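# Structural description and commentary
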Amino acid sequence: MNWDYLLSLFMGGLTRGSIYALIALGYTMVYGIITLINFAHGEIYMIGAFTALIAIGVLTLAGWNGTAILLIAAVAAVVYAAAYGWTLERIAYRPLRHAPRLSALISAIGMSLFLQNYVRMAQTANFLPFPNLIPEFAFLKPVAHIVRSSELVIYAVTALVMLLLTLLVRFTRMGKAMRATAQDRDMAMLSGVDVDRVISLTFVIGSAIAATGGVLIASHIGQINFYIGFLAGIKAFVAAVLGGIGSLPGAVLGGLVLGWTESFFTGYVSSDYEDVFAFLFLVGILIFRPSGLLGRKQMEKV
Amino acid sequence: MRNRVSRRAGHAVIIIMTIFGMMLTGCSQKEAPSNAGEKQTQPPIKIAVVGSHSGDLASYGIPSARAAQLVVDQRNAACGINGRRIELLVEDDVCKPEIAANSATKVVGEGAQAVLGHICSGATKAALGIYKESRLVTISPSATNPALTQSGDYPNFFRTIASDDAQARLEVDFVLGHLKAQKIAVLHDKGDYGKGLAEFAKGFIEADPRGEVVLYEGITPGAVDYSAVVNKIHQSGAQAVIYGGYHPEASKIVAQMRKKAMAIPFVSDDGVKDDTFIKVAGEFAEGVYATGPVDTTHNPIAIEAVKAHKAKYGEDPGAFFLNAYAATLALVNAFEKSCATDYDALVKALRTEWVATPLGIIRFDERGDAIGVGFAMYQVQNGKYVEIK
């Protein structure tokens, strides 16, 4: 048994898992509130990364440097992507609120394709380099072959985001309104909850988290193009389902489990069938726990 | 009733026009080399040009026919080959094996003394048996299937393009010979191109006593992170990585390797020998090796050939034009140097006589592959691909 190797794979899986988790949180929030699978969520992640890249370009020209650029670019990305999430809900989902669920799903797929091709035409179809703005921490030097500082930042941000979200949902007025909307939208409306506002806010928060993920991951990997949202979105969706769609801790757990599964399978078996194995694992879990690892049982309302 | 009759008539018109149209194009391709020299008493040397001149893959075949035409026009305007005029027999095989066999029989029947073609590997293979029986030298500008030369089945076959496995061969020779690595990790992106190359590379390393494959893996294109695979390379103790695939994944893998302080050489193919790779991978691209086609942009014959093409056809030449130009020059040179048209003399001339072509100065090895045509190894040095001699 080679412990160093095991640890490297564990950390690699943790990185992947955190990336999936950051995107899965948005999926699961939206699904929890309006039972819509927002397929355009991966595209919001991609738009966040592009916005950050543009902001970095501008700030670098203006002579800024280092961590300041990263922070300002991240804020710009978060704000811009949140605005996209809000707009998306207003023009693509709200008019279909009372239509059959399938219509909203088709609308989501349409938005996903639209945003992808829009970025391809407005920006470029090429891969673009993304600067690594997270400084190498000195205290990580001895373990640099196992974990890098950009990975450490990804873990920290994922944990922080999950914590803040949980606090928001559990202990604030808005969180209470969210939970009420999730349980029964009509009843919440009757009790005076502004459902439209709650749903808009859900999209805004979900998009902001996805954009944060986009900036961190682009900085970790070092390149972006218009297509990165698609595969990441699909994997994050799998993570959300695995953890129990609608559950916030479930999304993070699902992401981590998926990341570790892929990492260990690649490390000890073969990366040729990485995706095959990841999805087999998903099927296996759903057979024994149909509502995911942490999902609640859906009560059939009579 | 009237309606039906008129529709039939319409069909007939279309059919007639189609056939007639085909004849027109056929004629126009053949009439060109006519007025060179009527006085000659010696019969002309007939070279068949067979390839896809119509259909989906016409764009692969037409540039070759034009290249042959340009070379032949030029030679006929002088005094042909040793005073004999050259005549082209142009045949269309639509890149289909079953039609290629018919075309082959036809040009043999018309008395071709050598063949330039075919274009597609499948069609070439179907026709080669017929040419072999008739003892006809065949030079293809574009058939890249490795078995055509390496099987040894077709001693009459030559080509002016590198075979599919040439890049893998070059990569493996470079890694084992030049870099002196013994343990090699071979990765690919599971696509046709990347996996094909990786399989050839794996086979070559296994056949060579100097090296062994310690890791053979396909990666998932577009994944968010490759740290598991990079860890696996590290764990395998590989001294070099050969990667078959394109630049987006290559740049991610190289960047992750370098960030994990793995400095082992990374060797890849012409999917990576792209300036976008250097742009995206940035500082991590430095030192990466990639194979790519030998540069012909400064070759004077190539410049001249392209200029002649533009003058005659009013556009830039298409695919395999320079390869076909080189093949025709090699053929004409072989006829000239052997002072004969018999098979053995021609083959000997092709294998021994160096000839200056748009692809460089070439001759053919005993299997029929052109020496001096193909790929070169490049390395990223100071943000640019530099050829390693």
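Residues numbered from 1 in each chain as written. Chains lettered and ligands numbered in written order. Predicted model: local features only at pLDDT ≥ 70, side-chain atom pairs only at ≥ 80, totals over all residues.

### Quick look at the overall build of chain B
Each helix and strand counted, chain B has 13 helices and 15 strands in total. For chain B, the proportion of its 389 residues judged to be buried stands at 50%. Nonlocal contacts in chain B, meaning residues at least 24 apart in sequence, comprise 66% of its contacts between residues at least 6 apart. (Helix = DSSP H or I, 4+ residues; strand = E, 2+ residues; numbered from the N terminus. Buried ≥ 20, exposed ≤ 12 C-beta atoms within 10 Å, placed from the backbone. Contact = placed C-beta atoms within 7 Å.)

### Digging into the overall build of chain A
When its secondary structure is counted, chain A shows 11 helices and 2 strands. For chain A, the α and β elements follow one another from N to C terminus as α-α-α-α-β-α-α-α-α-β-α-α-α. The C-alpha atoms of chain A give 19 Å as radius of gyration, which agrees with the globular expectation for 302 residues (19 Å, within 12%). Each principal axis of the C-alpha atoms in chain A carries an extent, and together these give about 60 × 50 × 35 Å. Sequence-distant contacts in chain A: of pairs separated by 6 or more residues, those separated by 24 or more amount to 76%. (Rg over C-alpha atoms; globule rule 2.2 N^0.38 Å.)

### A short note on the environment of B:Ala168
Relative to the elements of secondary structure, B:Ala168 occurs in helix 6 (residues 166-178). In this structure, the C-alpha to C-alpha distance between B:Ala168 and B:Leu197, residues 29 residues apart in sequence, is 5.8 Å.

### Considering the interface of chain B and chain A
Every contact between the two is made by 26 residues of chain B and, on the other side, 28 residues of chain A. For the side of chain B that touches chain A, the secondary-structure elements that each account for two or more residues are strand 7 (212-218), helix 8 (227-236), helix 9 (247-259) and helix 10 (275-281) of chain B. Looking at the side of chain B that touches chain A element by element, the count peaks at 6 residues for helix 8 of chain B. In the side of chain B that touches chain A, the residues fall into 9 nonpolar, 9 polar and 8 charged. (Nonpolar A, V, L, I, M, F, W, Y, C, P; charged D, E, K, R; others polar.)

### Notes on the domain arrangement of chain B
Segmentation of chain B into domains returns domain 1 (41-163 + 299-371) and domain 2 (166-293 + 375-388). Placing the centre of domain 1 of chain B and that of domain 2 of chain B at their C-alpha centroids yields a distance of 35 Å. (Domains from an automatic or database assignment.)

### Description of the sheet that holds strand 7 of chain B
Residues and elements named next belong to chain B. Ordered in space as 7-6-8-9-10-14-15, the 7 strands form an open sheet in which the pairing is mixed. Both edges of this open sheet fall to strand 7 and strand 15 (384-388), since each of them pairs with a single strand only. For this sheet, the mean inter-axis angle between neighbouring strands, taken without regard to orientation, is 30 degrees. Most of the contacts of helix 8 go to strand 7, to which it runs at about 170 degrees, and overall it touches strand 6 (183-188), strand 7 and strand 8 (240-244). (Pairing = 2+ DSSP bridges. Axes fitted to C-alpha atoms, helices over the stretch in contact; angles between N-to-C directions.)

### Considerations on the packing of helix 1 (residues 3-34) of chain A against helix 5 (residues 149-171) of chain A
Residues and elements named next belong to chain A. At a minimum axis distance of 9 Å, the contact between helix 1 and helix 5 shows a crossing angle of 40 degrees. Comparing their axes, helix 5 and helix 1 come out oblique. Read as a crossing pair, helix 1 and helix 5 show a hand that is left-handed. Mapping the contact onto sequence places Met-11, Leu-14, Thr-15, Ser-18, Ile-19, Ala-21, Leu-22 and Leu-25 in helix 1 and Glu-151, Ile-154, Tyr-155, Thr-158, Val-161 and Leu-165 in helix 5. Along the lines of polarity and charge, the residues of the contact of helix 1 with helix 5 split into 10 nonpolar, 3 polar and 1 charged. (Parallel < 35°, antiparallel > 145°, perpendicular 65-115°, else oblique. Left-handed = near helix turned anticlockwise from the far one by under 90°.)

### Considering the nonpolar core
Residues A:Ala52, A:Ala77 and A:Ala81 are the most contacted members of the largest nonpolar core, which totals 212 residues. Broken down by element, the residue count for this core peaks at 16 residues, all from helix 1 of chain A. There are two domains that each give this core at least three residues, and those are domain 1 (41-163 + 299-371) and domain 2 (166-293 + 375-388) of chain B. Apart from the residues lying within four places of it in its own chain, the contact partners of A:Ala81 are A:Ile44, A:Ile47, A:Gly48, A:Thr51, A:Ser207, A:Ala208, A:Ala210 and A:Ala211. (Core = buried A, V, L, I, M, F, W, Y, C linked by C-beta atoms within 7 Å.)

### Points about the pairing of strand 15 of chain B
All names here are of chain B. Of the pairings in the sheet, the one linking strand 14 (residues 375-381) to strand 15 comprises 5 bridges and is antiparallel in character. Paired with Tyr-378 across the strands is Glu-387, a residue of strand 15. Taking the residues that link successive antiparallel strands as the turn, the strand 14-strand 15 hairpin has 2 residues, and the phi of Asn-382 there is positive, at about 50 degrees.

### Some thoughts on the confidence of the model for chain B
Put simply, chain B has an average pLDDT of 86, and 89% of its residues get 70 or more. With a pTM of 0.76, the predicted complex shows an ipTM of 0.84. (pLDDT = per-residue confidence, 0-100.)

### Overview of the sheet that holds strand 11 (residues 355-357) of chain B
Residues and elements named next belong to chain B. Reading across the sheet, the 3 strands line up as 11-12-13 and stay open at both edges, with antiparallel pairing between neighbours. Here the strands that pair on one side only, and so sit at the sheet edges, are strand 11 and strand 13 (370-371). In terms of strand pairing, strand 12 (residues 360-364) meets strand 13 through 2 bridges, oriented antiparallel. Considered in strand 13, the bridge of Arg-363 is made with Ile-371.

### Looking at unusual backbone geometry
Residues and elements named next belong to chain B. The residue after Gly-117, namely His-118, is reached through a cis peptide bond having omega -10 degrees. Although it is not a glycine, Asn-82 adopts a positive phi angle of roughly 45 degrees. Along the chain, Asn-82 falls in the loop between helix 2 (58-77) and strand 2 (86-92). A positive phi is found at Asn-382, a non-glycine position, where the angle reads about 50 degrees. With 6 C-beta atoms packed within 10 Å, Asn-382 lands in the exposed category.

### Thoughts on helix 4 (residues 121-133) of chain B
Residues and elements named next belong to chain B. In a regular helix each residue adds 1.5 Å, so 13 residues correspond to 18 Å; helix 4 covers 19 Å between its end C-alpha atoms and thus fits that length. At Ala-127, helix 4 shows its strongest bend, of approximately 35 degrees. Looking at helix 4, one finds that the buried residues are Ser-121, Ala-123, Thr-124, Lys-125, Ala-126, Ala-127, Leu-128, Ile-130 and Tyr-131. Residues of helix 4 that are buried in the fold lie against helix 3 (97-109), strand 3 (114-116), strand 4 (137-140), helix 5 (147-150) and strand 5 (157-159). (Expected span 1.5 Å × (residues − 1). Bend = angle between axes of the 7 residues up to and from the residue.)

### Quick look at the pairing of strand 2 of chain B
Residue and element names in this part refer to chain B. Judged by how many residues are buried, strand 2 sits mostly within the fold: 7 of 7 residues are covered. The alternating pattern of strand 2 places Ile-86, Leu-88, Val-90 and Asp-92 on one face and Glu-87, Leu-89 and Glu-91 on the opposite face, and all of these are buried. Pairing of strand 1 (residues 45-51) with strand 2 involves 7 bridges; the strand directions are parallel. Within strand 2, the residue paired with Lys-46 across the bridge is Glu-87. The parallel pair strand 1 and strand 2 is bridged by helix 2, and the resulting crossover is right-handed. (Right-handed = clockwise from strand over helix to strand, strands pointing away.)

### Structural notes on the packing of helix 2 of chain B against helix 12 (residues 321-338) of chain B
Residues and elements named next belong to chain B. Between helix 2 and helix 12, the shortest axis-to-axis distance is 8 Å and the interhelical angle comes to 40 degrees. When the axis of helix 2 is compared with that of helix 12, the two are oblique. Here the hand of the crossing between helix 2 and helix 12 comes out right-handed. Along the contact surface, helix 2 presents Pro-63, Ser-64, Ala-67, Ala-68, Val-71 and Arg-75, while helix 12 presents Phe-321, Ala-324, Tyr-325, Thr-328, Leu-329 and Val-332. Looking at the contact of helix 2 with helix 12 residue by residue, the classes come out as 9 nonpolar, 2 polar and 1 charged.

### What to know about the environment of B:Ser251
Positionally, B:Ser251 belongs in helix 9. Sequence separation between B:Ser251 and B:Val71 is 180 residues, and the spatial gap between their C-alpha atoms is 43 Å. In this view, B:Ser251 contacts A:Gln223, B:Phe277, B:Val280 and B:Ala281; residues no more than four positions away in its chain are not counted.

### Here we look at the environment of B:Cys95
Residue and element names in this part refer to chain B. As for its placement among the helices and strands, Cys-95 is situated in the loop between strand 2 and helix 3. On the neighbour-count criterion, Cys-95 (24 C-beta atoms within 10 Å) is buried. With 197 residues separating them in the primary sequence, Cys-95 and Gly-292 have C-alpha atoms 26 Å apart. Leave out the neighbours within four places in its chain, and Cys-95 touches Ser-52, Gly-55, Leu-57, Ile-119, Cys-120 and Ala-123.

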